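# Fold and contact review
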Amino acid sequence: MITMNVYPDAHDGDALAAKANAVLENYKSHHGKVLKTNSLPRTPDRPAEHFIAVVFGRQNFIEVAFARFKPVDGIGCSIVYSNRIYGEKVGDQMSTWIDHNGAKIERTLMAWNNMPSPASLGELPRKK
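The following refers to the structure shown. (Residues numbered from 1 in each chain as written. Predicted model: local features only at pLDDT ≥ 70, side-chain atom pairs only at ≥ 80, totals over all residues. Heavy atoms only, no water.)

## Some points on the pattern of salt bridges
Our working rule: Whenever Lys or Arg places a side-chain nitrogen within 4 Å of a carboxyl oxygen from Asp or Glu, that contact is recorded as a salt bridge. A run of H or I in DSSP counts as a helix once it spans at least four residues, and a run of E counts as a strand once it spans at least two, with each numbered from the N terminus.
Tallied over the entire structure, the rule returns five salt bridges. Taking the shortest distance from any N to any O, the salt bridge between Glu 106 and Lys 36 comes out at 2.9 Å. One end of the pair, Glu 106, is in helix α2 (residues 91-111); the other, Lys 36, is in strand β2 (residues 33-40), with 70 residues separating them in the sequence. A salt bridge links Glu 49 to Arg 68; the shortest N-O distance between them is 2.8 Å. Taken together, the residues Glu 49 in strand β3 (residues 49-57) and Arg 68 in strand β4 (residues 61-72) connect sequence positions 19 residues apart.

## Description of the nonpolar core
Defined as follows: For the purposes of this section, nonpolar cores are sets of buried Ala, Val, Leu, Ile, Met, Phe, Trp, Tyr and Cys residues that join through side-chain atoms within 4.5 Å. Type-normalised accessible area, obtained with a 1.4 Å probe on protein chains alone, sets the label of each residue: buried when under 20%, exposed when over 50%, and partly exposed for intermediate values. Contact definition: two residues touch when any of their heavy atoms are within 4.5 Å.
Of all hydrophobic cores here, the largest spans 17 residues; its most connected members are Phe 51, Ile 62, Val 64, Phe 66, Ile 85, Met 94 and Trp 97. Of all the secondary structure elements, the ones that give two or more residues to this core are β3, β4, β5 (75-86) and α2. Looking at this core, the element that brings in the most residues is α2, giving five residues. In this structure Val 64 touches Leu 35, Val 54, Val 55, Tyr 81, Ser 82, Asn 83, Met 94, Trp 97 and Ile 98, once residues within four positions along its chain are discounted. Residues Ala 20, Val 23, Tyr 27 and Ala 67 belong to the second largest nonpolar core, which totals 14 residues.

What follows is the structure, encoded as structure tokens:
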């Protein structure tokens, strides 16, 4: 599953970092196990970006989420790639999936530059 989140009040690097940190704390408060975090500092060619990988264990499934935070057309956004495996006691299965796919998913997500512009999303329904 891929999810795009828009943070309309995150117009600069500090505001985007605050959003990424808030998401990280939200993941932790929902018992997410943080696998990795990374921040790429701003350069003259590119704004700062942030990355979070987290796994959530639930009674009947386990989910891993990889989130990239970056500005798109001056508005803070995140793109989240998630994978779920259903069933009880599927931790070993998810560990194997992460070992085989995690680094590739991270590289692909961090290299992806075709995110839709938040302005092009127009009046899509928004979470309140």
